[in-house]
Amino acid sequence: MKKIVILFGSPHSNGHTKKLLDLFLQSLNFKFETILFDAYKEKISPCMGCDVCKKTNKCVFNDLEKLEKHLEDCDLLVIASPIYNLGFPAPLKAIFDRFQIYYNYFIVNKKYRINKNKKTILLLTSGKKNNDFINRFENQINYTLKYLNTKIYSKVIWDNTDKQPVLKNEVISKIKNLTKNL
């Protein structure tokens, strides 16, 4: 069975981002083992920039070990997040910053720590309609994803949720087309 790791970055367990994620999961054509990692519930320590991971390949904190184990063998990484101030919410950003261990491993060993290449899907929500933010957002996440041995396969953005709080037909269609091709 294929495995999905979901990084859920919303403080709202039943908000727009969760609705988008639920639609995605319900639209999948086949069963996945699904691991949901909720950034707000996990309370991850931020990266301290101590470089211990560069020397030992381990972080001084052990609060991401559960996620790391699943990241290494998953087939699909889904990042479901609202966009706050043109970026990820702080708890999710803290997780991405802690992926410094993968960057340092690559720099020291000249190879990926995660051998299994995987696809990444972004499921994003935004209160405003703003077409400029996505390039900035992708540049930020692409650097992190590179060292996880993955790239963005697809993205679905449900924007303007402040004025249109109901899932738009175009978003529903995009999700259904995406899940058909996985």
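Going by the structure above, here's the rest.
Everything quoted here is computed from the prediction, not taken from an experiment. (Residues numbered from 1 in each chain as written. Predicted model: local features only at pLDDT ≥ 70, side-chain atom pairs only at ≥ 80, totals over all residues. Heavy atoms only, no water.)

Asker: I'm lost on the environment of S10 in this one. Help?
Answerer: Note on placement: S10 falls in the loop between strand 1 (2-8) and helix 1 (16-27). Taking relative accessible area as the criterion, S10 reaches 5% and is therefore assigned buried. As a C-alpha pair, S10 and L123 span 113 residues in sequence and 11 Å in three-dimensional space. Of the polar contacts made by the side chain of S10, one reaches the backbone nitrogen of H12; its length is 3.0 Å. (Helix = DSSP H or I, 4+ residues; strand = E, 2+ residues; numbered from the N terminus. Buried < 20%, exposed > 50% of the residue type's maximum accessible area, 1.4 Å probe, protein only. Polar contact = N/O pair within 3.5 Å; in protein donor to acceptor, adjacent residues only side chain to side chain.)

Asker: I'm lost on the state of the cysteines in this one. Help?
Answerer: Cysteine pairs can be linked by a disulfide, which is a covalent bond between their two sulfur atoms. Overall, the coordinates contain zero disulfides when judged by the stated rule. With no disulfide of its own, C47 lies closest to C53 among cysteine sulfurs, the gap being 6.5 Å. On the accessibility criterion, C47 (35% relative accessible area) is partly exposed. Free of any disulfide, C53 has its nearest cysteine sulfur in C59, 6.5 Å distant. (Disulfide = S-S within 2.5 Å.)

Asker: What is the right way to look at the nonpolar core in this model?
Answerer: As a rule of thumb, nonpolar side chains are buried together in soluble globular proteins. Core analysis: the largest hydrophobic core is formed by 32 residues, its most contacted members being L7, L67, L71, I79, I95 and F99. In terms of residue count, the dominant contributor to this core is helix 7 (residues 133-146) (five residues). Core analysis: the next-biggest nonpolar cluster, separate from the first, contains 19 residues, F24, F32, V78 and I121 among them. (Core = buried A, V, L, I, M, F, W, Y, C linked by side-chain atoms within 4.5 Å.)

Asker: Looking at this model, I keep getting lost on helix 7. Mind explaining?
Answerer: Side chains of residues three or four places apart in an α-helix project in the same direction, reflecting 3.6 residues per turn. With 14 residues, helix 7 extends 20 Å from end C-alpha to end C-alpha; this agrees with the ideal 20 Å at 1.5 Å per step. Residues F133, I134, F137, E138, I141, T144 and L145 constitute the buried set of helix 7. Here the buried face of helix 7 lies against strand 3 (76-82), helix 5 (90-98), strand 4 (118-125) and strand 5 (150-158). (Expected span 1.5 Å × (residues − 1). Contact = heavy atoms within 4.5 Å.)

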